[in-house]
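# Coordinate analysis (summary)
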Amino acid sequence: MKAIEVEHLSKTFKVQKNRDGLKGALRDLFSRQYNEVAAVNDISFSIPAGEICGYIGENGAGKSTTIKMLTGILVPTSGKLNVGGYVPHEEREKFVRNIGVVFGQRSQLWWDIGVIESFGLLRKVYGVPEHDYKKRLDELVQRLDLGELLNRPVRKLSLGQRMRCELVAALLHNPSIVFLDEPTIGLDIIVKTEIREFLKDMNRDHGTTILLTTHDLQDIEALCSRVIMLDEGRIIYDGGLDTLKSRWGQGTRVTFQFGTACPLPRLQTLTSDLPVSWTAENDLHAEVLVPGELNVSDVLARVVGQTDIAITDIKITETTTDEIVRQIYRTGSAVNGSKGEGGLTSYA
Amino acid sequence: MLSAYTDFIRIRFLTMLAYRVNYYSGILIYMLNIGVYYFTWQAIYGGRGEIGGFTASQMTTYIAVSWMARAFYFNNLDREIANDIRDGSIAIQFIRPYNYLFVKMMQGFGEGLFRFSLFMIPGMLLALLLFPVRLPSDPIAWIGFLVMLFFSFLINSQLNILTGLMAFFVENNEGIMRMKRVIVDLFSGLVIPISLFPVWLGTIMQWLPFQAITYLPGSVFTGRTQGTGILDVFGIQVAWFVGLLIPIFLMWRAARKRLFVQGG
């Protein structure tokens, strides 16, 4: 069963053009000019029930706009949309009973009243029976360790405390699909980890479908089996995180520190028959890039045994998801990846 | 679900109660306003019997009751809605299974209840002490006035909602909101009773909703409208209340399509 189905979805915004100068301003008064900006441009994907999917992209790539269409906040310009059996913007009030939404940058709790009062109000808004509410609240409060926060007014909570309360607020009605728009933004590492653990458990225990946007790729690594990557309103990658890593990972980087000068040509001759590439800032420091299919030990064996090379330090680093994603953002395309030196080539 | 809406009334009432000290100064400002208009009109009358169908004593009562009615029906729903739209928190309102405008109306009513019991009533008692206000002796006038006062609140809130929703269509509706406030105060008959307007302007006013906010309930309270006349003016209010639902509905529908959440 598909929880979310999106076909050829687009959203364009009209943005007012401001002409320069006083004359331009006067002309703007009488005839406005607009630019059409495509925030989301013909995207299609579907997410099966029970999956945690990461939705990533640079600022302004169209992530939040997509989430806002999927949650019924925005009306799409064109395309088909089905979330949990509803067309979100058409049957908004019925549809939203079935979803939970957390916006990391906006609070959905009422600022002036206590946390527990906010929850009570949400219970009534969603029409959750008293008994179910108590059970669910106890479970969430215990899991997220909110005990003493409940009676405080929302404005007196720290960001981490507030975000945990936001999660509870979004989940009180036990939604089957949850949208999280940058849920870990601005949080410290402990709260981040806590929230990740919590989401993972929820997905496992309740089979909740989760769509998550984030700039923190550790969120993705900890939670998602699948990522959708967006750039300028288009999907540039949709698939497993592992595939992304193995296809665009640049392999392993080995950094050498030498006690005595060791020129680059010397190192290159040692590994001349291996498909590796060396770089060096100076004679005391060199780096070699070992592609994924080659064993690091093969390269090390060539260098380490030499009597004329005095190694003081060796550091082995795997290409991180961050680096891969940075590469993809920079080139603006993940469609044509080629392994090796360039890492990625763009046909755009 | 209904209990959620009544909760919005309750919570707004309690929140207002927490800030009640702010309203003590409000009472003084309203007394000052009543005083200024009272003495001005005293000077204008200067022993003359009737101006625009008002006797001097009716005018005093009209001024006092109009300002105290404003103490009740006034609210900032326009500003609240415009702020929600401008800072993008309107998005949160769309992920809840309720009608945003209805919730706003409930919050406005919560504020109204507070204003009625802790602002209007004490203010009116103070005005009775300070100025020669004549309360109506006819219970029908009292009942008519109180029912119409509620509709003053409804119509004024509807106009506020319309003004607030303008924020969807213009980048900054601050000017529109200020203009609306002045227009409501002037054209509702708060500053000058409508019967004193030039004939042509008075005729136009009869076809606008503003008179239903202050002038019509005021005329019932001062006894200038009596008997079945009360039903007539009340009918005008009800007609405006129903009529104003149409532009609100249309604007809300158009806004949904235009919605552009600020700040991503």
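Coordinates for the structure precede this section.
Each value, and the rule that gives it
Residues numbered from 1 in each chain as written. Chains lettered and ligands numbered in written order. Predicted model: local features only at pLDDT ≥ 70, side-chain atom pairs only at ≥ 80, totals over all residues. Helix = DSSP H or I, 4+ residues; strand = E, 2+ residues; numbered from the N terminus. Rg over C-alpha atoms; globule rule 2.2 N^0.38 Å. Buried ≥ 20, exposed ≤ 12 C-beta atoms within 10 Å, placed from the backbone. Contact = placed C-beta atoms within 7 Å. Expected span 1.5 Å × (residues − 1). Arc of directions from axis to C-beta. Nonpolar A, V, L, I, M, F, W, Y, C, P; charged D, E, K, R; others polar. Axes fitted to C-alpha atoms, helices over the stretch in contact; angles between N-to-C directions. Parallel < 35°, antiparallel > 145°, perpendicular 65-115°, else oblique. Left-handed = near helix turned anticlockwise from the far one by under 90°.

### Quick notes on the overall build of chain B
Along chain B, the regular secondary structure elements total 11 helices and 2 strands. The helix and strand sequence of chain B, counted from the amino end, reads α-α-β-β-α-α-α-α-α-α-α-α-α. In terms of overall size, chain B behaves like a compact globule, its C-alpha atoms giving a radius of gyration of 19 Å where 264 residues would be expected to give roughly 18 Å. Taken over the C-alpha atoms alone, chain B extends approximately 65 × 40 × 35 Å along its principal axes. Each of the 264 residues in chain B was classed as buried or not, and the buried ones make up 40%.

### Re the environment of isoleucine 246 of chain B
By secondary structure assignment, the location of isoleucine 246 of chain B is in helix H11 (residues 228–258). Once the C-alpha coordinates of isoleucine 246 of chain B and asparagine 156 of chain B are considered, the two residues, 90 residues apart in sequence, prove to be 15 Å apart.

### Some thoughts on the environment of glycine 202 of chain B
All names here are of chain B. With respect to the element layout, glycine 202 can be found in helix H9 (residues 199–206). Taking the C-alpha atoms as reference points, glycine 202 and phenylalanine 187, 15 residues apart in sequence, are found 9.4 Å from one another. In contact with glycine 202, other than residues within four places in its own chain, are Ile194, Ser195 and Phe197.

### Considerations on helix H7 (residues 189–206) of chain A
Residue and element names in this part refer to chain A. If you check H7, its first and last C-alpha atoms are 25 Å apart, about what 18 residues at 1.5 Å a residue would give, namely 26 Å. Among the residues making up H7, those that are buried are Lys192, Ile195 and Leu199. Buried residues in H7, looked at end-on, bunch into an arc of 65°, giving them a common side. Exposed positions of H7 whose direction lies more than 90 degrees from the buried face are Ile189, Ile190, Asp201, Arg204 and Asp205. Considering only its buried residues, H7 is in contact with helix H6 (159–171), strand E7 (209–213) and helix H8 (217–223). Among the residues trailing H7, glycine 207 stands out with phi positive, at a value near 65°.

### Topic: the interface of chain B and chain A
Listed by partner, the interface residues are 21 residues for chain B and 23 residues for chain A. For the side of chain B that touches chain A, the elements supplying multiple residues, two or more each, are helix H1 (2–18), helix H5 (90–94) and H11 of chain B. With 5 residues, H1 of chain B is the largest single contributor of residues to the side of chain B that touches chain A. Taken together, the residues that form the side of chain B that touches chain A break down as 12 nonpolar, 5 polar and 4 charged.

### With respect to the packing of helix H7 (residues 139–165) of chain B against helix H8 (residues 174–187) of chain B
Residues and elements named next belong to chain B. For the pair H7 and H8, interaxial distance at closest approach is 10 Å and the crossing angle is 160°. The angle between H7 and H8 places the two elements in the roughly antiparallel class. Relative to H8, H7 is oriented so that their crossing is right-handed. Residues Asn156, Leu159 and Thr163 of H7 touch H8, and the partners they reach there are Ile176, Met177, Lys180 and Val184. Across the contact of H7 with H8, the residue classes break down as 4 nonpolar, 2 polar and 1 charged.

None of the figures reported here should be taken as evidence of function without further support.
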